[in-house]
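Residue-level structural notes
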Amino acid sequence: MALKCGIVGLPNVGKSTLFNALTNAKALAANYPFATKDPNVGMITVPDPRLDKLSELVNPQKVQPTTVEIVDIAGLIKGASKGEGLGNQFLANIREVDAIVHVIRCFEDGNVIHVEGSIDPIRDKQIIDNELILKDLETLEKRVDKYRKAAKSGNREEVRKVEFLDKLAKFMEDGNAARAFDVKEDELELFEDLYLLTAKPVLYACNVEEAAVLDGNEHTKRFMEHVAGEKAEVLLVCAGIEAEIAELETKEERMEFVEAMGLTEPGLNRLIRTCYTLLNLITYFTAGEKEVRAWTIHRGDKAPQAAGVIHTDFEKGFIRAEVIKYDDFVKYGSEAAVKEAGKLGVEGKEYVVQDGDVMHFRFNV
């Protein structure tokens, strides 16, 4: 399941530093605009302590975590929607991702220049939002013209579409992202079919100095108040410190560093898991002597769809799924003990897979 999160932001806010920490890909990180011209792409492992626990219990030959693709997209400037700077390239790259990590600079440092000349996270956010909104309004204008022509014949469905798009356009002309628009259930299909840039789920990663990682600072407090009404996640992270943690050789060394900062885990772990949630994904597991593995599916997927992630034949010939709840697997310590306790469930085609299920599929092709 090749799903992508794109890292975006103005130049010099810490995007590439964060990307490097996430992927250890050593992308160019430089103190000047447009250091990133072509998008860097990396695969990041989704940290999941449940996978570690299952591996400890089963002791398999191999452990396979799940992953998300991360894309470091060129920095944006005013006028991008009209092709200024690397605008056309930025907009093409962002259209291809499924969710957005918007890095917001919330730290003061005279040695790192800001493309706008001062630190103002709300202004920075609005610069990018405005460019994306302008591009989305172009999309809406083209679509509404098409429906308006059809509506002239009196077709009630086309009239309904025009009315919806007009409301949405008015909302966005006021500077609002499409994701904040109240879409009714019967409008959802039309809304999703627009593929608007500002409809993509977003995580705001507030890049702060080390001292502000736990409680934030004045910049982050203002910013959080500003985005409180949005359907978005906000996370505090110090990209520079995360890059240092990522360079450490062992898990033990990394945890020592993290604990010394007063944290329970690296900020990147929280960021990756939040990306995963933004993409509306959950994890189920398979656990055997050869391999303990995490599998990615969409929330709401049924058992045959989950089986199809392993192999299409599993979905085509699906018979049933044997399901152990993660907590039961941990409580009883093995699949055999779970069966003895009568805690193994046998589920059919309509079973909606739950996050953390440990599954075994029966199929016939």
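Here's what I pulled together on the structure shown here. Predicted model, so just to flag it, every value in this text is computed and none were measured. (Residues numbered from 1 in each chain as written. Predicted model: local features only at pLDDT ≥ 70, side-chain atom pairs only at ≥ 80, totals over all residues. Heavy atoms only, no water.)

So, the pattern of salt bridges
Note the threshold: Take a side-chain nitrogen of Lys or Arg and a carboxyl oxygen of Asp or Glu: if they are within 4 Å of each other, that pair is a salt bridge. Going along the chain from the N terminus, every DSSP run of H or I of four or more residues is numbered as a helix, and every run of E of two or more is numbered as a strand. For the exposure calls, accessible area comes from a 1.4 Å probe over protein chains only, and a residue counts as buried if that area is under 20% of its type's maximum, exposed if over 50%, partly exposed in between.
This structure, assessed with the given rule, holds 27 salt bridges. Its salt-bridge partner being K251, residue D52 comes within 4.0 Å of it at the nearest N-O pair. Residue D52 is found in helix α2 (residues 49-58), and its partner K251 is found in helix α9 (residues 251-260); the two are separated by 199 residues along the sequence. Residue classification places D52 among the partly exposed residues on the basis of a relative accessible area of 43%. Here K251 falls in the exposed class, since its relative accessible area comes to 52%. Close ionic contact of E158 with K161 constitutes a salt bridge, the shortest N to O distance being 3.8 Å. Of the two residues, E158 and K161 are both situated in helix α5 (residues 156-173); the distance of three residues between them amounts to about one turn of the helix. Residue classification places E158 among the buried residues on the basis of a relative accessible area of 15%.

A look at the nonpolar core
Applicable threshold: In this text, buried Ala, Val, Leu, Ile, Met, Phe, Trp, Tyr and Cys residues form a nonpolar core when linked through side-chain atoms within 4.5 Å.
Among the nonpolar cores identified, the biggest contains 61 residues, and L18, L22, I94 and L271 are the most heavily contacted of them. With six residues, helix α10 (residues 267-278) is the largest single contributor of residues to this core. Within the second largest apolar cluster, 18 residues are counted, among which are L165, M172, A178 and L196.

Section: the sheet that holds strand β5 (residues 99-105)
The line we're drawing: The pairing criterion is simple: DSSP has to find at least two bridges between the two strands. For helices, the axis comes from a line fit to the C-alpha atoms of the stretch in contact; other axes are also lines fit to C-alpha atoms, and the angle between any two N-to-C directions lies between 0 and 180 degrees.
Read from one edge of the open sheet, six strands run β2-β4-β1-β5-β6-β7, paired in mixed fashion. The open sheet terminates on both sides in strands that have one partner only, identified here as β2 (40-45) and β7 (232-237). Each adjacent strand pair in this sheet contributes to an overall mean axis angle of 25 degrees, direction not counted. Relative to strand β6 (residues 202-207), β5 runs parallel, the two sharing six bridges. From the neighbouring strand, R105 faces β6, where its bridge partner is N207.

Observations concerning the packing of helix α8 (residues 239-247) against α9
The packing of two helices is summarised by the inter-axis angle and the distance between the axes. To keep it simple, the criterion reads: To sort the angles, those under 35 degrees are grouped as roughly parallel, those over 145 as roughly antiparallel, those from 65 to 115 as roughly perpendicular, and the leftovers as oblique. What makes two residues a contact is simply this: any of their non-hydrogen atoms within 4.5 Å. Three classes are used: nonpolar for Ala, Val, Leu, Ile, Met, Phe, Trp, Tyr, Cys and Pro, charged for Asp, Glu, Lys and Arg, and polar for all others, with Gly counted as polar.
Interaxial distance between α8 and α9 falls to 8 Å at its minimum, and their mutual angle equals 150 degrees. The orientation of α8 relative to α9 falls into the category roughly antiparallel. Where α8 abuts α9, its residues I241, E244 and I245 lie against R254, F257 and V258. Along the lines of polarity and charge, the residues of the contact of α8 with α9 split into four nonpolar, no polar and two charged.

Some details on the packing of helix α4 (residues 121-151) against α5
For clarity, the cut-off: Two helices cross in a left-handed way if the nearer one is turned anticlockwise from the farther one by less than a right angle. They cross in a right-handed way if the turn is clockwise.
Direction vectors running N to C along α4 and α5 enclose 160 degrees, while the axes themselves pass 9 Å from each other. The pairing of α4 with α5 is recorded here as roughly antiparallel in orientation. Handedness of the crossing formed by α4 with α5: left-handed. Where α4 abuts α5, its residues I133, D136, L137, L140, R143, V144, Y147, R148, A150 and A151 lie against E158, V159, K161, V162, L165, D166, L168, A169, M172 and E173. Here the contact of α4 with α5 is built from residues that sort into 13 nonpolar, no polar and seven charged.

Some details on the state of the cysteines
The line we're drawing: Note that a disulfide, as used here, is simply two cysteine sulfur atoms within 2.5 Å.
Overall, the coordinates contain zero disulfides when judged by the stated rule. A disulfide-free cysteine, C275 has its sulfur positioned 3.7 Å from the sulfur of C5, the nearest such atom.

Side note on the packing of aromatic side chains
Which entries qualify depends on this criterion: Each Phe, Tyr or Trp ring, with Trp reduced to its six-membered ring, pairs with another whose centre is within 6.5 Å; inter-plane angles below 30 degrees give stacked pairs, above 60 give edge-to-face pairs, and intermediate values give tilted ones. Only lysine NZ and arginine CZ atoms are considered, and such an atom sits over a ring when it is within 6 Å of the ring centre and within 35 degrees of the ring normal.
On inspection of all chains with the given rule, the structure shows six aromatic pairs. With centroids separated by 5.2 Å and ring planes inclined at 80 degrees, the aromatic side chains of Y204 and F223 adopt a geometry described as edge-to-face. Linking Y204 in strand β6 with F223 in helix α7 (residues 218-226), this pair joins segments that are 19 residues apart in sequence. Considered together, Y204 and F223 belong to a single accessibility category, that of buried residues. Here the aromatic residues F164, F171 and F181 are joined through ring pairs into a cluster of three or more. A cation sits over an aromatic face here: R105 above F107, 4.3 Å from the ring centre. Positioned over the ring face of W295 is R293, at 4.0 Å from the centre of the ring.

Describing unusual backbone geometry
Excluding glycine, a negative phi dihedral is what most residues carry, and trans is how most peptide bonds are arranged. Positive phi is not limited to glycine here, since Y195 has a value of about 50 degrees. Relative to the assigned elements, Y195 resides in the loop between α6 (188-192) and β6. Owing to a relative accessible area of 61%, Y195 belongs among the exposed residues under this scheme.

Thoughts on the side chain of T296
Keep this limit in mind: For the purposes of these results, a polar contact is taken to be a pair of N or O atoms within 3.5 Å, where, inside protein, one atom must be able to donate a hydrogen and its partner to accept one; residues adjacent in sequence count only when each atom of the pair is a side-chain atom.
With respect to the secondary-structure elements, T296 resides in strand β9 (residues 291-298). Of note is the side chain of T296, whose polar atom sits 3.1 Å from the side chain of Y276.

Quick word on the pairing of strand β8 (residues 281-287)
The element β8 is largely enclosed, with a buried count of six among its seven residues. Sheet topology note: the β8/β9 ladder contains seven bridges and is antiparallel. Residue pairing across strands places F285 opposite A294, the latter belonging to β9. Here β8 hands over to β9 after three residues, the two strands then running antiparallel side by side.

What to know about the side chain of R143
Secondary-structure assignment places R143 in helix α4. Of note is the side chain of R143, whose polar atom sits 3.1 Å from the side chain of D193.

Read these as geometric descriptors, not functional statements.
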